[in-house]
Every structure is written in C-alpha cells, then in structure tokens.
Amino acid sequence: MTTALLVAALLMGFFGSPHCLGMCGGLVTAFGLSMKDVSPAKRRALVATYHVGRLTSYAFLGLLAGLIGTTVLQPLMQGNSTPRILLGLVLVFVGVTMLGAPFLKNLERFGMRFWQYLSPIRQKVFPLNTYPRALSAGLLWGFLPCGLVYGALLIAVVAHNPLSGAALMFVFGLGTVPMLVATHETVGWLRDKIGRFRLRQLNGAIMVLSGLAVVFIPIAMSSMHGNHGGGHSMGMDHGDDTMMMSDSNGSVHHDMSQMDHSMHNMDNDSANMEHQH
C-alpha cells in the first residue's frame with residue numbers, strides 16, 4: 001500500500017466527517033450527557049478513550065477486509081493487471097459516493113439491523129464514567145452502520161494486505177476525529193467551511209480522477225511502449241535489409257572481378273599460342 005492511499009483515506013475521513021456527525025451526532029450527545037457528573041479533565045480522558053475504542057474497531061474491520069482481499073481475491077489475480085484495475089474502480093466508486101450517489105444506502109440499512117441487535121449490550125456501557133465503559137462504548141461505536149465507513153472498507157479489501165487494511169481504516173478514523181471532538185462553535189465553523197467550498201465533493205472528484213488514472217495511465221503507457229517497440233523493430237528490419245543488400249552487392253562485385261580475371265588469363269593464353277605458332 002502506498003502513502004497516497006493512506007492520504008486518500010485520511011482526507012476521506014476528514015472531508016466526510018460532516019456526514020459522520022449526522023450519523024453519530026446523537027450517539028456523541030448521549031455519551032456527553034452520561035459524563036456530566038465527571039470532572040472536565042476526566043471527561044477529556046474518557047472522550048479520548050472511546051475514540052481509541054472506535055479506531056480500534058475500524059482497524060479490526062480493516063484487518064478483516066484486508067484478509068478477505070488476500071485470501072479470496074489475490075489468488076485469482078496473480079500475474080495480471082486485475083489488482084490495479086480493481087483498485088482504480090473502487091476509488092472511482094467511493095469518489096462517486098462522496099459526490100452524493102446513494103450507492104451504499106442499502107448497505108447502511110442492512111448494517112442497521114446488526115446495530116439494533118447490539119442494543120442490549122450498548123445499554124450496559126452507560127453511564128460512561130469509567131475507562132473500561134468508555135472503551136467498550138467506543139468499540140461498539142465502530143460498528144455503527146455508515147456508508148462512508150463501508151467505502152473505506154472497500155479500499156481496504158483491494159489493499160490485498162491485512163495490516164495495510166488495518167492501517168488504512170485507522171487513518172480513515174483519525175480523519176473523522178476533529179469533527180467529532182470539536183466544540184459546538186468549532187463544529188459549526190468546520191461544517192460551514194467544508195460545505196461552502198464543497199471540499200467533500202472536491203475530494204470525491206479527486207478520488208474519481210485518481211481511480212481513472214490508476215486504471216488507464218498504465219494502459220496508455222503500455223500502448224505507447226508497444227508502438228515504440230514496433231518502430232524500433234522496423235528500424236532493425238531496415239538495417240538488416242541494408243546489410244543484405246550490401247552483402248549482395250559485394251558478392252556481385254567479387255564475381256565480376258573473377259570473371260574479368262579469367263578472361264584476362266584466356267587472352268594471355270591465346271597470345272602465347274600465336275607467338276609459338
């Protein structure tokens with residue numbers, strides 16, 4: 001996995017975080033209300049703890065996604081360009097999703113069923129007044145259905161490496177942290193800037209262009225290289241023809257010289273015979 005993929009995951013998390021806030025805002029509010037009786041210092045530590053739990057769950061999901069890519073997809077794609085093409089197509093898909101296409105809505109609805117199944121366990125972590133409870137809440141939070149998370153997981157699948165998938169999802173989670181830990185005023189400022197400059201859409205467009213580049217630039221380079229190789233081969237053939245013509249001309253000149261030498265010898269023999277006679 002390249003650094004470019006990690007940067008893409010980080011920006012995907014950051015510029016998509018307004019969506020995360022919409023999905024997770026109620027949960028963050030519930031966490032905050034459950035910590036109202038703790039000191040400000042402990043509150044900050046508890047917030048950091050449940051985010052560590054959330055990022056740990058993301059990394060675990062990325063590990064599973066990378067494992068799927070390694071065990072299921074990679075054996076089918078060895079020795080060909082399919083991994084590169086698949087990565088490019090996934091980047092295009094995720095980029096189009098960030099542009100607003102509702103491709104992952106059905107997957108979110110499916111994930112909501114699992115989230116509801118976890119409801120009895122979620123109730124046991126409240127109030128978040130201890131570090132084990134905060135950590136447990138964060139671990140559960142990582143399984144909240146989110147189309148943006150699912151898009152990042154698709155990239156982790158085509159990373160074809162479990163550790164790379166885990167690192168990619170962890171970095172993606174880091175990108176969402178600023179929006180989710182910011183104060184109310186800062187949240188408003190971030191959402192305004194991201195929305196005003198359409199930074200999420202810009203990042204989606206960059207991902208689409210990157211995916212297209214991953215797919216098509218190597219194909220174009222290979223085609224150009226093939227044409228260059230063909231021209232070089234034609235040049236070699238032309239050189240070979242020149243050498244063959246040169247050899248042929250040399251043979252003709254040699255044969256003509258031999259014929260002249262033979263005729264000269266015949267003239268000398270005739271002259272000797274007339275002299276003797």
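Just so you know, the residues in each chain are numbered from 1, in the order the chain's sequence is written. A pLDDT threshold of at least 70 governs which residues receive local features in this predicted model, and a stricter bar of 80 or more applies before side-chain atom pairs are shown or counted, although totals over entire chains, interfaces and linings include all residues. As a rule here, side-chain values come from all non-hydrogen atoms in the structure, and water together with hydrogens is ignored.

A.B. asks: Whenever I open this one, the overall build of the protein chain confuses me. Can you help?
C.D. replies: Elements are defined by DSSP. Helices are runs of H or I of four residues or more, strands are runs of E of two residues or more, and each kind is numbered from the N terminus. A tally of regular secondary structure across the protein chain gives eleven helices and zero strands. Across the protein chain, helices and strands are ordered from the amino to the carboxyl terminus as α-α-α-α-α-α-α-α-α-α-α. Out of the 277 residues belonging to the protein chain, those deemed buried represent 36%. When checking whether two residues touch, look at their non-hydrogen atoms; a contact exists if any pair is within 4.5 Å. Within the protein chain, counting contacts between residues at least 6 apart in sequence, those at least 24 apart form 82% of the total. For each residue, the accessible area found with a 1.4 Å probe, counting protein chains only, is set against the maximum for its type, and the residue is called buried under 20%, exposed over 50%, and partly exposed in between.

A.B. asks: What's the story with the layout of surface pockets in this structure? I'm lost.
C.D. replies: Gaps left between atoms show up when a probe the size of a water molecule is rolled over them. For cavity detection a 1 Å grid was placed over the protein atoms alone, and a set of points counts as a cavity when a 1.4 Å probe fits there but cannot get out; an open set counts as a pocket when protein lies on both sides within 12 Å along at least five of seven lines, with lining residues being those that have an atom within 4 Å of a point. Grid points are joined across faces, edges and corners, and a volume is the space filled by probe spheres set on the points. Reported here for the largest pocket is a volume of approximately 430 Å³. Lining the largest pocket are 18 residues, with L61, L107, V149, Y150 and L153 positioned closest to its centre. Elements represented by at least two residues in the lining of the largest pocket include exactly α3 (40-73), α5 (105-117) and α8 (147-157). In terms of residue count, α8 provides more of the lining of the largest pocket than any other element does, five residues in total.

A.B. asks: Looking at this structure, I do not really get the pattern of salt bridges. What am I missing?
C.D. replies: Any two side chains of opposite charge can pair, given that their charged atoms come close. For this analysis, a salt bridge means a side-chain nitrogen from Lys or Arg found within 4 Å of a carboxyl oxygen belonging to Asp or Glu. For the coordinates displayed, the defined rule picks out one salt bridge. Of the charged contacts in the structure, one is a salt bridge between R196 and D192, with a shortest N-O distance of 3.3 Å. Of this pair, R196 and D192 both sit in helix α10 (residues 184-196), four residues apart, which is roughly one turn of that helix. According to the relative accessible area criterion, D192 is partly exposed, its value standing at 34%.

A.B. asks: I would appreciate a short explanation of α5 in the present structure.
C.D. replies: Along an α-helix, residues three or four positions apart point the same way, because every turn accommodates 3.6 residues. The end-to-end C-alpha distance of α5 is 19 Å, a good match for the 18 Å that 13 residues give at a rise of 1.5 Å each. Looking at the buried residues of α5, the elements they touch are α2 (17-34), α6 (119-123), α7 (131-141) and α8. One less than the residue count of a helix, multiplied by 1.5 Å, gives the span that helix is expected to have.

A.B. asks: Could you clarify how one ought to interpret the nonpolar core in this entry?
C.D. replies: Grouped together as the largest cluster of nonpolar side chains are 28 residues, with contacts concentrated most on M12, I155, M169 and F172. Listing elements by their share of this core, those giving two or more residues are α1 (3-15), α3, α4 (82-98), α8 and α9 (162-181). Here this core gets eight residues from one element, more than from any other, and that element is α8. In contact with M169, other than residues within four places in its own chain, are Y58, A59, G62, V149, A152, L153 and A156. For the purposes of this section, nonpolar cores are sets of buried Ala, Val, Leu, Ile, Met, Phe, Trp, Tyr and Cys residues that join through side-chain atoms within 4.5 Å.

A.B. asks: Looking at this structure, I do not really get the packing of aromatic side chains. What am I missing?
C.D. replies: The relation between two aromatic rings is expressed through the spacing of the ring centres and the mutual angle of the planes. Classification of ring pairs rests on two measures: the distance between centres of Phe, Tyr or Trp rings, Trp counted by its six-membered ring, which must be within 6.5 Å, and the angle between planes, read as stacked under 30 degrees, edge-to-face over 60 and tilted in between. Inspection of the entire model under this criterion finds eight aromatic pairs. Ring centres of Y58 and F172 lie 5.9 Å apart, and the angle between their planes is 50°; on these two criteria the pair is classed as tilted. With Y58 in helix α3 and F172 in helix α9, this pair connects stretches of sequence that are 114 residues apart. A connected cluster of aromatic rings, assembled from ring pairs, spans F31, Y50, F126 and W141.

The values are spatial; any link to function lies outside them.
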